[in-house]
Structure formats: C-alpha cells, structure tokens
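Geometric and topological summary
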Amino acid sequence: MAEGKNIMIVGVGGQGTLLTSRILGGITVSAGYDVKLSEVHGMAQRGGSVVTYVRYGEKVAEPIVEEGQADVLIAFERLEALRYAHFLKKDGVLIVNDQRIDPMTVVTGAAKYPEGIIERLKEKYNVVVVDAMGEALKLGNSRVFNTVIIGVAAKKMDFEKEEWINVIQNTVPPKTVELNLKAFEAGWNQL
C-alpha cells in the first residue's frame with residue numbers, strides 16, 4: 001500500500017466537484033485505504049467557491065487539508081487555482097483547467113479578473129494545464145470536463161488505470177458511462 005495523500009478539489013458551484021470527489025473517494029476505498037471526504041461550500045449556488053478535501057492513508061484522523069499539505073490540487077477554474085495554490089506542498093502538483101468563470105464581483109464590475117494567472121502559478125508551483133472544457137466539447141458534452149480532469153490527475157496518483165475505469169463505471173449514472181470513460185481517456189492521454 002502506497003503512502004497516503006492529501007488531495008484538494010477547488011472549483012465554482014455547479015462544476016461537478018461532488019462527482020469528482022466521489023470518484024476519488026471510490027478509488028481510494030477500493031484500494032483499501034481509510035478515506036475522509038469533506039466539502040466546504042461558499043455560495044456554491046451562486047457560482048462561489050467550492051472546496052473538497054480528500055484525504056486517504058492507512059488511518060486518517062480528520063478530513064481537512066491544512067495549508068502547505070496538499071499533494072495534488074485540482075482546480076476546475078484558473079482563479080480558484082490562484083486562490084488555493086498556497087495549500088500545495090513544496091513538491092505537490094497543481095492541475096488547472098484553463099477556464100475562466102467570472103465571480104460575482106467581476107460580473108458586477110466591483111473587481112477585475114486577474115491577468116496572467118497560469119504564468120504566475122508556473123513561477124512558483126509544479127503546474128499541469130489542461131483545456132478540459134475543449135476536450136469535453138470534442139466529445140460532444142461539456143458536462144464531462146471534470147472526468148477529463150480526473151484522467152489528468154490519475155496520472156499523478158498511485159492507482160492503476162483499470163482501477164480508475166472500474167470506479168468511474170460504478171460511480172457515474174449508467175447512461176453516461178461510455179461518455180465518461182472517453183473523457184477519462186482524453187485526460188489520461190494529455191500527459
């Protein structure tokens with residue numbers, strides 16, 4: 001059994017972070033780990049931040065990942081990546097979906113969306129950028145972009161590809177299995 005890990009998933013309400021955490025939780029449970037999941041919603045219904053922690057190991061006491069402790073940070077949106085990057089360990093990996101979703105403060109004109117986010121993150125962190133929405137649209141369904149991201153993240157974790165496929169088949173709605181597996185494959189083949 002490999003050493004446990006701390007994973008954070010950050011995104012905007014409605015992006016599918018819950019399904020992603022269920023798949024990550026499923027793969028870790030199937031591998032025999034103790035797993036703790038925790039979701040923190042900040043105005044999720046209004047496009048606010050959603051943070052999910054997935055911690056696994058031989059014995060996990062609490063679900064919360066502290067600053068500087070995340071092995072993998074999966075960000076479904078650029079600004080969310082910038083907002084939570086300080087949670088990464090020194091040798092952690094930041095997987096960023098290269099998508100912009102303006103928060104309410106930007107929509108209302110109270111703030112400006114920062115420029116050059118990806119470049120700034122790359123100066124300090126090990127960053128993997130993926131155009132998950134582009135890949136999902138190639139498959140004909142924008143809703144599977146999170147499964148594309150899972151495919152990318154899977155390459156940075158300690159589980160076999162077949163294990164991921166099994167968990168996806170058992171987690172997503174039955175009529176979407178084939179599409180989700182294609183999305184996973186698209187992400188897996190990014191690296």
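Residues numbered from 1 in each chain as written. Predicted model: local features only at pLDDT ≥ 70, side-chain atom pairs only at ≥ 80, totals over all residues. Heavy atoms only, no water.

**Remarks on the overall build of the protein chain**
Counting its secondary structure elements, the protein chain contains 8 helices and 6 strands. Going residue by residue from the N terminus, the α and β elements of the protein chain occur as β-α-β-β-β-α-β-α-α-β-α-α-α-α. By the compact-globule yardstick of 16 Å for 191 residues, the protein chain fits well, its C-alpha radius of gyration being 16 Å. By residue count, 51% of the 191 residues in the protein chain fall in the buried class. (Helix = DSSP H or I, 4+ residues; strand = E, 2+ residues; numbered from the N terminus. Rg over C-alpha atoms; globule rule 2.2 N^0.38 Å. Buried < 20%, exposed > 50% of the residue type's maximum accessible area, 1.4 Å probe, protein only.)

**Points about the packing of aromatic side chains**
By convention here, two paired aromatic rings are described through the distance between centres and the angle between planes. Summed over all chains, the structure comprises 8 aromatic pairs. Here the aromatic rings of Tyr-33 and Phe-159 are separated by 6.2 Å at their centres, their planes lie at 90°, and the arrangement is edge-to-face. Of this pair, Tyr-33 sits in the loop between helix H1 (17–30) and strand E2 (34–41) while Phe-159 is found in the loop between helix H6 (145–154) and helix H7 (161–171), placing the two residues 126 residues apart along the sequence. Judged on exposure class, the residue Tyr-33 and its partner Phe-159 are both buried. Plain terms: the ring middles of Tyr-56 and Phe-159 are 5.7 Å apart, the flat faces sit at 50° to each other, and that makes the pair tilted. Taken as a pair, Tyr-56 in strand E3 (residues 49–57) and Phe-159 in the loop between H6 and H7 lie far apart in primary sequence, 103 residues in all. On the basis of relative accessible area, Phe-159 is assigned to the buried category, the value being 6%. Taken together, the ring pairs in this structure connect Tyr-33, Tyr-56, Phe-159, Trp-164, Phe-184 and Trp-188 into an aromatic cluster. (Phe/Tyr/Trp six-rings, centres within 6.5 Å; stacked < 30°, edge-to-face > 60°.)

It is worth stressing that arrangement in space is one thing and function is another; only the former is reported here.
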